[in-house]
Amino acid sequence: MNILITGGASGLGESITEKLVECKINRVYFTYSNSQEKAKKIEKKFENAVSIKCDFSDNFELLSLQNQMKEMDLDVLINNAYCGKINQKHFHKSPPSDFVNDFMNNIIPTIKITQEAIKIFRKKKQGKIITILSSGLTNLPPTGMSSYISNKAYLEKLTKVWANENSQFNITSNSVSPSFMKAALTANFDDRIVEQIKLNSPIQSLITIEEVAETVLFLTNAGKHINGLDLLMNAGSNIK
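Below is a short write-up of the structure. (Residues numbered from 1 in each chain as written. Predicted model: local features only at pLDDT ≥ 70, side-chain atom pairs only at ≥ 80, totals over all residues. Heavy atoms only, no water.)

### Remarks on the pairing of strand β3 (residues 49-53)
For step 1, the next point in the chain: β3 sits mainly inside the fold: 4 of its 5 residues count as buried.
For step 2, the next point in the chain: As paired elements, strand β2 (residues 27-32) and β3 share 5 bridges and run parallel to each other. Of the residues in β3, the one forming a bridge with phenylalanine 30 is serine 51.
For step 3, the next point in the chain: At this point the chain moves from β2, through helix α2 (residues 36-45), to the parallel β3, and the crossover so formed is right-handed. (Buried < 20%, exposed > 50% of the residue type's maximum accessible area, 1.4 Å probe, protein only. Helix = DSSP H or I, 4+ residues; strand = E, 2+ residues; numbered from the N terminus. Pairing = 2+ DSSP bridges. Right-handed = clockwise from strand over helix to strand, strands pointing away.)

### A closer look at the sheet that holds strand β4 (residues 76-79)
For step 1, the next point in the chain: On the basis of which strands lie adjacent, the open sheet formed by 7 strands has the order β3-β2-β1-β4-β5-β6-β7 and parallel pairing. Edge positions in the sheet fall to β3 and β7 (230-233), since each of these pairs with one other strand and no more. The mean angle between the axes of side-by-side strands here comes to 15°, regardless of whether they run parallel or antiparallel.
For step 2, the next point in the chain: Across 4 bridges, β4 lies against strand β5 (residues 127-132) in parallel orientation. Its bridge partner lying in β5, isoleucine 78 is registered against isoleucine 130.
For step 3, the next point in the chain: Its contacts with the sheet place helix α1 (residues 11-20) against β1 (2-5), β2, β4 and β5, and it is angled at close to 170° to β1.
For step 4, the next point in the chain: Contacts between helix α4 (residues 96-124) and the sheet are confined to β1, β4, β5 and β6 (171-178), with β4 contributing the most and set at about 165° to the helix. (Axes fitted to C-alpha atoms, helices over the stretch in contact; angles between N-to-C directions. Contact = heavy atoms within 4.5 Å.)

### Comments concerning the pairing of β1
For step 1, the next point in the chain: Every second residue of β1 is oriented toward a common face, with Asn2 and Leu4 on one face and Ile3 and Ile5 on the other, all of them buried.
For step 2, the next point in the chain: Of the strand pairs in this sheet, β1 and β2 are connected by 4 bridges, and their pairing is parallel. From the neighbouring strand, leucine 4 faces β2, where its bridge partner is tyrosine 29.
For step 3, the next point in the chain: Crossover connection from β1 via α1 to parallel β2: handedness right-handed.

### Some details on the environment of lysine 19
For step 1, the next point in the chain: Turning to its location among the elements, lysine 19 is positioned in helix α1.
For step 2, the next point in the chain: A sequence separation of 194 residues divides lysine 19 from alanine 213, and the C-alpha atoms of the two residues are 6.6 Å apart.
For step 3, the next point in the chain: Sequence-distant contacts of lysine 19, defined by excluding residues within four places in its chain, comprise Ala213, Glu214 and Leu217.
For step 4, the next point in the chain: Polar side-chain contacts of lysine 19 include one of 2.8 Å to the side chain of glutamate 214. (Polar contact = N/O pair within 3.5 Å; in protein donor to acceptor, adjacent residues only side chain to side chain.)

Laid out in structure tokens, this is it:
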């Protein structure tokens, strides 16, 4: 399979990329923004991995990626990248500009990339879209993450739209919603908060990026009857 994963050089994305390239028949294209050194290491380690510089906040780099996608003959798109850091502020202390910037730097690029992928998939009469969301859409939204969670909520509904509008072309759209992980995106979280999240889990442990990567791998190989599904990974904390 030919696979494109956005934000595939660090954190969860790196784990997904390395899981997918283990299958030698896969050709995995992955984007990076600031993790050039890690990206080159992945390319050196795996012959079937190809890195692409793409900062979502750079319109030229985004357009370049869209043009390159036309030559990839893609089978799978994995929407994983998140541009910038999570702003840990209570909603009432967050300036509206934070929401505007996060939307423009994350949602609009994801929309453009997914539109390009769907055009490719429709011509091929097949394709898979996998989008990384958050268990915060099902459980209580984490305090101080209003912009991040609202962006994920927007994508959650788009994944359903993509599933509905493209199923007749054998195109599926599914998502994965993991609970809190230790990753590059959450590296600046206070250790006391992380420990409390761990203790609040039904199994008193945090999910790992490797576990999420395994779930993404499953969806890349899933049949067309698995469509419009969100795989919630929260150790059952939503069970009443």
